[in-house]
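Structural overview
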Amino acid sequence: MADQYNLVSEPAAGPSAGGGRWAPARSARRAGPPRDAVIAVTGHCNAHCVMCDIWKHRQADELRPEHMRRLPPELASVNLSGGEPFLRGDLPQFVQEARSRCARAVITISTNGYLSQRIADTMERIVDIDPGVRLAVSLDGLGSVHDRVRGDGGAFDSVIRLLDLLQGRGCRGVRLSMTLSQVNADQVLGVAELARSRGLELGIVAAHRCRTHMRLENGVAGQPTEAPRRSFQTLVARWLRSWNPRQWLRAHFAANTYRYLARIPQALVCRAGRDFFFLQADGTVYACGVNGRVMGNLVEQEWEEVWNSPAAGSARSAAERCGGNCWIVCTVRSWYRRHAWSVAAWVAGQKLLSHLRLLRLPAPPAEEADDTRSAGAEAPASPASAVNLPIEAPRADPSH
C-alpha cells in the first residue's frame, strides 16, 4: 500500500510554485465554492509544542491583510491561525478584511495564549471590528502537563492569566481548545472541569501527523489505555445528559475523536479541496492542512485561477484517494452538514443510553504482538494515526 501520509507535492501541471501564472483549467476537476478555510497568517511561533514543528522552521510571511480580499465570499467559517497569529501587529486588519469579504463567515482566531496582555489588548480592537469573533485558546492539560506539551515553563500560567484578563473585560466568544495525544489523554476530565467552572466551551481534537500545516514529519501512532477511554466515556455521557444541543454535537465529535485516537476505522469521504482549504502564510493554497497537495498561490493568483487550476483538480483527486479518515474540525464540518440526520440519530440513541448510565465507548483494538515501532519509525498504515512523541523538558521562559 502506498504511504497514505506522503501526499504533499508540487502541482502536477502548470509552472512551478515559485512564479508565473496558471493557465485556465478546462480539464481540472471543478468544484463549487468552499465553505470553510483555515488561514495561517504567520509561520512564526513562540511555543515549542511536541505535536507541531512550525517553530523549527523559518518561513516568510507573504500574506497581507489585503490578500483576504481574494477569498471566496461564500465562506461560512474562517479560522485565522499560525504559528501564533498575535505575533502579527496587523492581525486586526486581517479580521477587518476577512469580515468585509466574507460577510456571513464566523471568524475564529486560534492562540497559544502566551502573550496574555498583548492578546487581551488586541482582542478589544478586534471585537470593535467584529463583535461575533471567536477566540480559541489552547489548553492541553492542567499545570505542568500543559507546560510539557507546549514545551515551555509558565505556559499554563499564561493561559490562566489571559482568561482572567478576557473574562474580566467581558470578552465573549472565548473558548478552550485541547489537542490530545498519548501525552495528555488522561487530562480530558480535568480540562473539561476547568472549562465548565469558567463557563467556557471546550473543543477537543486529536493530534494528527500534520505535514502541510505543522511541518511534522516524525511521530509514532499510539492508542488510549483503559483510563483515557473511561475519561472520554464519562465526558461524552455528561455532555449528552445536558439539555444544550451544542453539547450533544460536542459529545458526538469527542466520541469520534476517541475513535480516531484508538485507531478504530471510520468511513469518512474527504472533501478537501472542495468544501474546505488551507492557506499557508507564504500564500500557498493546499487542499487541506494535514497532507494536502498544492492548488496554487493566493499572493500570485486570483481565487478563480487557484480553485479551477489543473493543480486543484489533481489535489481533489488525491484527497479522494487519501483514506486518512482525519477527524478534525475543518475536515468534519462539511461531513456534519451532509449527514445531519445520521448525527441526530446517534445523539438520540446515545443520549438515551447516557441517561440510563449504559453508554460505552469501544475498547481500542489489541496491539499486534510483533509491533516494532520506535521513535522515528513510521507507524503501520492505518485509518488513523495519533501523535505520540517524547517530551522535552519545558523551557523556563515562554515569552522570548
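Scroll up to find the structure this text is about.
First, a word on what this report is: a plain description of the structure on this page. All values derive from a computational prediction rather than experimental measurement.

Bringing a nonpolar patch on the surface into the picture now. Together, Leu 352, Leu 356 and Leu 358 line one region of the surface with nonpolar side chains, adding up to about 300 Å² of accessible area. Looking at the element boundaries, Leu 358 is found in the segment after helix 11 (340-355).

Ile 39, Leu 80, Ile 109 and Met 123 are the most contacted members of the largest nonpolar core, which has 96 residues in total. The biggest single contributor to this core is helix 7 (residues 245-261), with seven residues. Dropping the residues within four chain positions of it, Leu 80 is found in contact with Ile 39, Val 41, Pro 85, Leu 91, Phe 94, Val 95, Ile 107, Thr 108, Ile 109 and Ser 110. Core analysis: the second largest hydrophobic core is formed by 11 residues, Val 50, Tyr 114, Val 183 and Ala 207 among them.

An ideal rise of 1.5 Å per residue puts 20 Å on 14 residues; helix 2 (residues 116-129) measures up with 20 Å between its terminal C-alpha atoms. Taken together, the buried positions of helix 2 are Ser 116, Ile 119, Ala 120, Thr 122, Met 123 and Ile 126. Lining the buried residues of helix 2 we find helix 1 (91-101), strand 3 (106-111), strand 4 (134-138) and helix 4 (155-168).

What follows deals with the pairing of strand 6 (residues 201-206). Relative to strand 6, strand 5 (residues 174-180) is paired through six bridges, and the arrangement is parallel. The partner of Ser 177 across the bridge, within strand 6, is Gly 203.

If you walk through the whole model with that rule in mind, you get nine aromatic pairs. Between Trp 303 and Trp 307, the ring centres sit 5.0 Å apart and the planes meet at 25°, which makes this aromatic pair stacked. Of this pair, Trp 303 and Trp 307 are both found in helix 8 (residues 303-307), four residues apart, which corresponds to roughly one turn of the helix. Judged on exposure class, the residue Trp 303 and its partner Trp 307 are both buried. Taken together through their ring pairs, the aromatic side chains of Phe 253, Trp 327, Trp 335 and Tyr 336 make up a single cluster. A cation over an aromatic ring shows up here: Arg 316 above the ring of Trp 307, its NZ or CZ 4.6 Å from the ring centre. Cation over ring: Lys 351 sits above Trp 243, and NZ or CZ is 4.1 Å from the ring centre.

One open sheet holds the nine strands; their spatial order is 6-5-4-3-2-1-7-8-9, and the pairing between them is mixed. Unpaired on one side and paired on the other, strand 6 and strand 9 (294-297) mark the two borders of the sheet. Adjacent strand axes in the sheet meet at a mean angle of 25°, parallel and antiparallel pairs treated alike. Bridge count for strand 2 (residues 77-81) against strand 3 is four bridges, and the pairing is parallel. Directly across from Leu 80, in strand 3, lies its bridge partner Ile 109.

The rules we used
- Residues numbered from 1 in each chain as written.
- Predicted model: local features only at pLDDT ≥ 70, side-chain atom pairs only at ≥ 80, totals over all residues.
- Heavy atoms only, no water.
- Patch = residues over 30% accessible without salt bridge, like charges linked within 9 Å, V, L, I, M, F, W, Y side chains within 5 Å.
- Areas by Shrake-Rupley, 256 points an atom, 1.4 Å probe, with all protein chains shown as cover.
- Salt bridge = Lys/Arg side-chain N within 4 Å of Asp/Glu carboxyl O.
- Helix = DSSP H or I, 4+ residues; strand = E, 2+ residues; numbered from the N terminus.
- Core = buried A, V, L, I, M, F, W, Y, C linked by side-chain atoms within 4.5 Å.
- Buried < 20%, exposed > 50% of the residue type's maximum accessible area, 1.4 Å probe, protein only.
- Contact = heavy atoms within 4.5 Å.
- Expected span 1.5 Å × (residues − 1).
- Pairing = 2+ DSSP bridges.
- Phe/Tyr/Trp six-rings, centres within 6.5 Å; stacked < 30°, edge-to-face > 60°.
- Lys NZ or Arg CZ within 6 Å of the ring centre and 35° of its normal.
- Axes fitted to C-alpha atoms, helices over the stretch in contact; angles between N-to-C directions.

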